[in-house]
Amino acid sequence: MVGLADLSLVEAADAVRNGEATSMELLDACWANLDAANPELNATIWLDREGAEQAARAADRAVKEQAWLGPLHGVPLAHKDMYYQAGRLCTCGSALRKDWRPGVTATVIEKLHAAGAYAFGGLNMAEFAQNPTGHNRAFGDCHNPWNPPYITGGSSSGSGASVAARFNYAALGSDTGGSIRLPAAACGVTGIKPTQTRVSRFGVMPLSFSADNVGPLARTARDCARIMTLIAGHDPRDPTSSHEPVPDYEATLDGDVRGLRIGVPSTWFLDEVDAPVLDALEHALAVLVARGATVHRIALPMMDAVTTYGSIISRVEAATIHAQWMRERAGEYGIHISGRMYGGYAIPAAYYVEALARRGPVLRAFANEVFAKVDVLATPTIRTCLPTLADTDIDHGPPGTETKFMAVSANTRPFNYLGLPAVSVNCGFDPSGLPIGLQIAARPFAEARVLKVADAYQRDTEFHMRRPPVLDAADAPGVIVA
């Protein structure tokens, strides 16, 4: 027996469709967990309870009238507070936009609403999506549902925490250097960074034109597959979005990974990995091998170029986007944010152009050498056991804090420069009771493949189903269903 808030996104949508629950019951179950857990987690920036209740009642009326809206009919969601919704608050996690209300709505939000979902709030995030930990000077740090003094991962910190704490069925995050995969790993949920250009970025706060990605965090790979089927595809309002056809990602989830070749990098991704993380990776590989996959240890080419060029692009583009505010209001940024962007202004234009020009050749060489040998890559999402918020507070910590801060995203950043799809799933827990992430990446536009592997793994494990301790004191809220 489980409470309504413990259902996955797909299960919640199916419960409404089958008449086993109403949208209002789902919302009430989410509110109950939010009220119980969020004071400790600080995962939200704003909430619209009245608007959400109106949307839930409208969804329930539509069910009675047999006016079916789509595969997310009646499901309440909340998203990282950088997705524009016309007339609604959108802070982007910064004091500079604490009262800002955009005049347009992001394409991905429109697509989710067209499928029957509705948004009930904006989730905490790193200031302008620029840290991997969950710190936020303007709205307060976000805390981990499994152990609150620890990081949630960032920058989609509230997205990961809210889904893990069972007051949100799924959330959109953004990923420029790992900001979907890191909170997915740290909070024990599932998150996918799609191929660069796979999903429209219209109406989404930009950070880096060349590395930003839109994607979901949810309980399961199947949840992410359903959302990806809805939001992927070309958008005329985003001319950079791909025309590549969109498959039904959910339909490909059959658990069959027989013959799949899994590459485990012998270089870079396993450098200085903590023993519990490496142990969890090996156990996860064993689960997939038992399903018929094979594991191959491989060396990866050009990783120095990948990491150097990726850093140049993200720093220069962020500095460019924020140039006017940095000239006029630099003191209103967090210390590490302004410090990061000042460095971007010192990078020569020739280096930036080189980093862009070399991106295609580096990707082709990487893909030809690696994906001729294996079908997917498997790595830890985060190399170390999770650090605390205090240990990674580079605005106030002692020298050396920045090393721990940057180490959090070491394994995710390369896939942003390469533009490859990558998913993170929970593959165990460290000695402090904190989740460990398994990252699975593949060639461009192979989202179906990485989701299939993630789903196959989740069929034989139960890590993604565990409830975090922050909910231990609360009864499972909502209507109880089998």
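Above this text you will find the structure in question.
Novice: Help me out: how do you make sense of the sheet that holds strand S11 (residues 422-429) in this one?
Specialist: Where strands meet in a sheet, backbone hydrogen bonds hold them as pairs that are either parallel or antiparallel. Spatially, S5-S7-S6-S11-S12-S10-S8-S9 is the arrangement adopted by the eight strands of the open sheet, whose pairing is mixed. Strands with a single pairing partner mark the edges of an open sheet, and in this sheet they are strand S5 (170-174) and strand S9 (294-298). For this sheet the average axis-to-axis angle between neighbouring strands, irrespective of direction, equals 30°. Two elements, strand S6 (residues 190-193) and S11, share three bridges in a ladder whose sense is antiparallel. Bridging from a neighbouring strand, Lys193 pairs with Ala422 of S11.

Novice: When you look at the pairing of strand S4 (residues 118-123) in this model, what are you seeing that I'm missing?
Specialist: Burial of S4 is extensive: six of the six residues sit out of reach of the surface. Here strand S2 (residues 44-47) runs beside S4; their pairing, made up of three bridges, is antiparallel. By the bridge assignment, Trp46 is partnered in S4 with Gly122. Of the strand pairs in this sheet, strand S3 (residues 76-80) and S4 are connected by four bridges, and their pairing is parallel.

Novice: Just checking my understanding: could you explain the packing of aromatic side chains for this structure?
Specialist: Remark: the centre distance and the inter-plane angle together describe each pair of aromatic rings, the angle taken between the planes. Across all of its chains, the model carries nine aromatic pairs by this definition. Note on Phe366 and Phe371: the rings are 6.4 Å apart at their centroids and 70° apart in plane angle, and the pair reads as edge-to-face. One exposure class covers both Phe366 and Phe371, and it is buried. Looking at Arg49, its charged tip hangs above the ring of Trp31, at a distance of 4.4 Å from the centre. Between the NZ or CZ atom of Arg383 and the centre of the ring of Trp268, over which it lies, the distance is 5.1 Å.

Novice: I'm lost on the pattern of salt bridges in this one. Help?
Specialist: Side-chain pairs of opposite charge can arise whenever the charged atoms involved come near each other. If you walk through the whole model with that rule in mind, you get 19 salt bridges. Overlapping salt bridges, with partners in common, bring together Asp14, Arg222, Arg226 and Glu250 in one network.

Novice: Can you walk me through the packing of helix H1 (residues 9-17) against helix H7 (residues 221-231) in this structure?
Specialist: Packed helix pairs are characterised by how far apart their axes lie and by the angle those axes make with each other. Put simply, H1 and H7 touch, their axes get as near as 7 Å, and they point 70° apart. Accordingly, the angle class assigned to the pair H1 and H7 is roughly perpendicular. When H1 is examined against H7, the residues Leu9, Val10, Ala13 and Asp14 are found in contact with a partner set consisting of Arg222, Asp223, Arg226 and Ile227. Of the residues assigned to the contact of H1 with H7, the class counts are four nonpolar, no polar and four charged.

Novice: Could you clarify how one ought to interpret the pairing of S11 in this entry?
Specialist: Within a regular strand, side chains alternate between the sheet's two faces. Burial analysis of S11 places seven of its eight residues in the buried class, the great majority of the element. Note: S11 against strand S12 (residues 435-441), six bridges, orientation antiparallel. Opposite Ala422, over in S12, you have Ala441 as the bridge partner.

Cut-offs used in this document
- Residues numbered from 1 in each chain as written.
- Predicted model: local features only at pLDDT ≥ 70, side-chain atom pairs only at ≥ 80, totals over all residues.
- Heavy atoms only, no water.
- Pairing = 2+ DSSP bridges.
- Helix = DSSP H or I, 4+ residues; strand = E, 2+ residues; numbered from the N terminus.
- Axes fitted to C-alpha atoms, helices over the stretch in contact; angles between N-to-C directions.
- Buried < 20%, exposed > 50% of the residue type's maximum accessible area, 1.4 Å probe, protein only.
- Phe/Tyr/Trp six-rings, centres within 6.5 Å; stacked < 30°, edge-to-face > 60°.
- Lys NZ or Arg CZ within 6 Å of the ring centre and 35° of its normal.
- Salt bridge = Lys/Arg side-chain N within 4 Å of Asp/Glu carboxyl O.
- Parallel < 35°, antiparallel > 145°, perpendicular 65-115°, else oblique.
- Contact = heavy atoms within 4.5 Å.
- Nonpolar A, V, L, I, M, F, W, Y, C, P; charged D, E, K, R; others polar.

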